[in-house]
Amino acid sequence: MKLEHLDFITFCVGNLADSLHWTAARVYGTLRATNLLKDYIIPCYDVLHTFSKEYIVEDLFQALREKGVLV
């Protein structure tokens, strides 16, 4: 894994944790369990990292809703 991917994952986890009022460990575990890390965040890094924090958080909310994690 590239360092910029790791930095971006940390960014995503931290901002989702803040928005959801979850621990970072819970967010990371959820992203891994739903395969959003390996199937979405990492492969789409080149595009995703160009968007705003708000857009990324909302996009990941939507992805978690589609996975049935959020209602």
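A short tour of the structure in this document, coming up. (Residues numbered from 1 in each chain as written. Predicted model: local features only at pLDDT ≥ 70, side-chain atom pairs only at ≥ 80, totals over all residues. Heavy atoms only, no water.)

Considering the packing of helix H1 (residues 3-20) against helix H2 (residues 24-33)
Argument step 1. Where H1 contacts H2, the two axes come as close as 8 Å, and the packing angle between them is 120°. Taken together, the axes of H1 and H2 lie oblique to each other. Where H1 crosses over H2, the two elements pack in a sense that is right-handed. Along the contact surface, H1 presents Ile-9, Val-13, Leu-16 and Ala-17, while H2 presents Ala-24, Val-27, Tyr-28 and Leu-31.
Argument step 2. Across the contact of H1 with H2, the residue classes break down as eight nonpolar, no polar and no charged. (Axes fitted to C-alpha atoms, helices over the stretch in contact; angles between N-to-C directions. Helix = DSSP H or I, 4+ residues; strand = E, 2+ residues; numbered from the N terminus. Parallel < 35°, antiparallel > 145°, perpendicular 65-115°, else oblique. Left-handed = near helix turned anticlockwise from the far one by under 90°. Contact = heavy atoms within 4.5 Å. Nonpolar A, V, L, I, M, F, W, Y, C, P; charged D, E, K, R; others polar.)

A look at the side chain of Asn-15
Argument step 1. For Asn-15, the location among the structural elements is in helix H1.
Argument step 2. For Asn-15, a relative accessible area of 13% puts it in the buried group.
Argument step 3. Setting aside its immediate chain neighbours within four residues, Asn-15 contacts Lys-53 and Val-57. (Buried < 20%, exposed > 50% of the residue type's maximum accessible area, 1.4 Å probe, protein only.)

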